[in-house]
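# Results of the structural survey
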Amino acid sequence: IRFKPRGVFAVLGPFNFPAHLPNGHIVPALVTGNCVIFKPSELTPATAQLMAQCYHEAGVPAGVFNLVQGQGEVGRRLVSHKQIDGILFTGSYETGLKISEATIQDYWKLLALEMGGKNSTIVWEDADLEKAVYESILGVFMSTGQRCSCTSRVFVHKKMSAQFTDMFYEKAKKLTIGHWKENPFMGPLINAKSMDTYLRFQEIAVREGCEKIMRGKPLELEHKGHYVTPSIYKVKDYNPKSTYQNTEIFGPNAALYEIDDLDQALDITNASGYGLAMAIFTKNRSLYERCLQRAKVGILNWNRTTNGASSRLPFGG
């Protein structure tokens with residue numbers, strides 16, 4: 001057996017962790033002897049520029065690490081280039097799907113597509129309620145909901161649903177929002193388009209029959225930015241055709257479901273088409289094992305929220 005470099009990798013990075021997530025592709029590609037062309041998100045170009053300077057100052061030979069800035073069209077042309085040997089992508093489900101479609105005939109290209117998540121948490125009747133609420137607050141609202149591993153849906157056993165909802169709402173009301181220098185819990189959304197999308201989903205949730213517990217609103221603060229408040233909606237009935245229930249919002253929004261059937265929660269989770277992360281809160285190991293077998297997710301956390309993962313293990317959907 002011989003191991004040899006694959007060639008030239010195109011790395012397409014996201015805006016939400018503009019150095020950390022691309023480095024998860026760039027460093028292994030370089031270590032295994034490949035060259036890299038890095039195209040960052042057009043929303044965070046300065047971080048990529050700083051990274052390129054660091055690689056240059058570290059003595060990486062010219063042409064081994066390359067930076068290309070630009071809009072989506074630049075990424076599209078890079079992906080479809082015949083001399084690219086692999087595409088390492090982190091970003092939205094829609095963009096990842098387009099990459100897959102654009103390279104369907106380029107059989108030699110290695111694809112690693114790290115896409116979105118409509119992630120679920122199950123809170124069973126025997127769960128530690130305070131821990132489940134605390135962890136779910138982190139899971140839903142950390143990074144203003146702008147993580148692929150953030151919790152979108154929380155399935156709560158009907159025996160503790162009312163208590164969980166009250167506690168979750170009270171804690172969400174107290175979350176601080178502001179500029180990073182003020183050390184708040186939540187900062188702004190990335191841009192005006194993201195804020196418009198987030199606010200539009202408030203209307204969609206109500207129109208589709210969800211009960212409003214906490215409505216997300218825009219905030220005018222001292223520092224400029226696209227600041228919003230958290231939002232919580234209670235879903236009365238699962239609808240596989242629901243726009244609100246099946247779309248990754250990428251904002252600080254929680255959809256709460258009341259259940260008494262674990263298999264029902266797993267069926268809804270598996271129907272989303274995303275399959276990234278899931279969490280279950282229970283003292284019963286057999287329920288965790290059941291989720292481990294049935295849930296179509298890459299990461300399953302037990303008594304810990306969806307957006308935490310060990311750095312010693314592979315990360316992916």
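The notes below deal with the structure included here. Computed from a predicted structure; not experimentally measured.

A word on unusual backbone geometry. Unusually for a residue other than glycine, Asn 183 sits at a positive phi of about 55°. You can see Asn 183 is positioned in the loop between α6 (161-173) and α7 (192-207). Looking at Asn 183, the relative accessible area reads 68%, which means it is exposed. With a phi close to 55°, Phe 250 is a non-glycine residue in the positive phi region.

The next point concerns the packing of helix α9 (residues 262-270) against helix α10 (residues 285-294). Two elements in contact, α9 and α10, have axes whose closest approach is 11 Å; the angle formed by their N-to-C orientations is 30°. As judged from the angle between their axes, α9 and α10 are roughly parallel. Read as a crossing pair, α9 and α10 show a hand that is right-handed. Along its contact with α9, which presents Leu 262, Asp 263, Leu 266, Asp 267 and Asn 270, the element α10 presents Leu 287, Arg 290, Cys 291 and Arg 294.

According to the stated counting rule, one finds 14 salt bridges in the structure shown. Here Glu 42 ties to Lys 39 by a salt bridge, and the two come within 3.2 Å at their closest N and O atoms. Across the pair Glu 203 and Arg 215 runs a salt bridge whose closest N-O atoms are separated by 2.4 Å. Here the residue Glu 203 occupies a position in helix α7, and Arg 215 occupies one in the loop between β8 (211-214) and β9 (218-219), the gap between them amounting to 12 residues. Classification of Glu 203 as partly exposed rests on a relative accessible area of 43%. A relative accessible area of 27% places Arg 215 in the partly exposed class. Put simply, Asp 263, Asp 267, Arg 290 and Arg 294 are held in one network by salt bridges that share partners.

Quick notes on the rules
Residues numbered from 1 in each chain as written. Predicted model: local features only at pLDDT ≥ 70, side-chain atom pairs only at ≥ 80, totals over all residues. Heavy atoms only, no water. Helix = DSSP H or I, 4+ residues; strand = E, 2+ residues; numbered from the N terminus. Buried < 20%, exposed > 50% of the residue type's maximum accessible area, 1.4 Å probe, protein only. Axes fitted to C-alpha atoms, helices over the stretch in contact; angles between N-to-C directions. Parallel < 35°, antiparallel > 145°, perpendicular 65-115°, else oblique. Left-handed = near helix turned anticlockwise from the far one by under 90°. Contact = heavy atoms within 4.5 Å. Salt bridge = Lys/Arg side-chain N within 4 Å of Asp/Glu carboxyl O.

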